Amino acid sequence: MSDVEWDGLLRTTYAESSMGSNEERAAVMSVILNRVNDGQWGGTVTSVINARNQFQAVTGTPGDRNPSTNYKTFNNNGEDFSTFETSVVPLLSNFTEQNWLNFTAANRSAYGEGTDVSFLDRLTAAQDSMQIGQTMFGTDN
C-alpha cells in the first residue's frame, strides 16, 4: 500500500469511528479493506474511500460536500500515526473474517440532512450485524 493510501486509510478510519474506541476503529478499517478486496467500490483504498456517498467523513453529505474536520486534521489532534497503528492494526484480525462491507452510526440522532436513516434499519436487520461502540456493522441485504 502506498503512503498516500495508508494516510487515507488512517484518516478515514479515524474520522468515521467514535473517539477512543480502538475496537470500533479496527472494525471500520476492516470494512474499508474488505471493500478493496470486494472490488465493488474500486480496487484501491483511495477509490473505496472516495466512492460517492459512501464515507461522509471523506466526501461529505449532499448538503456539505467537504471532508470532515476529523478527516482533515487527523495528525493534528494529538493522534500520532504510529500510535494509531500500534493500537488499532493489531485488532484487525478480530474483524476482517466477518467480511462486513458496511457500517453506519448506531444512533438515529447522528443522521442529518441528506442522509438515509433507513440504512441503519436495514443493517440492523442483517443476520451478521453487530454494534461496536457507536457504530453498527454488517452486510446490507
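Just above sits the structure.
A few points on the structure.

**Considering the side chain of Ser-30**
Thought 1: Secondary-structure assignment places Ser-30 in helix H2 (residues 22-38).
Thought 2: The class for Ser-30 is buried, based on a relative accessible area of 0%.
Thought 3: Each residue touching Ser-30, except ones within four places of it in the same chain, is listed here: Leu-92, Phe-95 and Thr-96.

**Some remarks on the nonpolar core**
Thought 1: Counting residues in hydrophobic clusters, the biggest one holds 31 residues, and the most contacted among them are Met-29, Ile-32, Ile-49, Phe-55, Phe-84, Trp-100 and Phe-137.
Thought 2: Of all the secondary structure elements, the ones that give two or more residues to this core are helix H1 (3-16), H2, helix H3 (45-49), helix H4 (56-59) and helix H6 (81-88).
Thought 3: When residues in this core are grouped by element, the largest group, seven residues, is from H2.
Thought 4: Those residues in contact with Phe-55 that sit more than four places away from it in its chain are Thr-12, Glu-16, Ile-32, Arg-35, Val-48, Ile-49, Gly-60 and Phe-103.
Thought 5: Counting five residues, the second largest nonpolar core, distinct from the first, contains Tyr-111, Leu-120, Leu-123 and Met-136.

**Some remarks on the sheet that holds strand S2 (residues 130-132)**
Thought 1: Across the sheet, three strands lie side by side as S1-S3-S2; this open sheet has antiparallel pairing. In this open sheet, the two strands that pair with only one neighbour each are strand S1 (102-105) and S2. Direction aside, the axes of adjacent strands within the sheet are offset by 30 degrees on average.

**Observations concerning the packing of aromatic side chains**
Thought 1: Using the criterion set out here, one finds four aromatic pairs in the structure.
Thought 2: Seen from their ring centres, Phe-55 and Phe-103 are 5.8 Å apart, and the 45 degrees between their planes marks the pair as tilted. Note that Phe-55 is positioned in the loop between H3 and H4 and Phe-103 in strand S1, a separation of 48 residues in sequence. Assigned by exposure class, Phe-55 and Phe-103 land together as buried.
Thought 3: By the ring-pair criterion, three or more aromatic residues cluster together here, those being Phe-55, Phe-95, Trp-100, Phe-103 and Phe-137.

Here is what the cut-offs are and how they apply
Residues numbered from 1 in each chain as written. Predicted model: local features only at pLDDT ≥ 70, side-chain atom pairs only at ≥ 80, totals over all residues. Heavy atoms only, no water. Helix = DSSP H or I, 4+ residues; strand = E, 2+ residues; numbered from the N terminus. Buried < 20%, exposed > 50% of the residue type's maximum accessible area, 1.4 Å probe, protein only. Contact = heavy atoms within 4.5 Å. Core = buried A, V, L, I, M, F, W, Y, C linked by side-chain atoms within 4.5 Å. Pairing = 2+ DSSP bridges. Axes fitted to C-alpha atoms, helices over the stretch in contact; angles between N-to-C directions. Phe/Tyr/Trp six-rings, centres within 6.5 Å; stacked < 30°, edge-to-face > 60°.

Just geometry here; none of it tells us what the structure is for.
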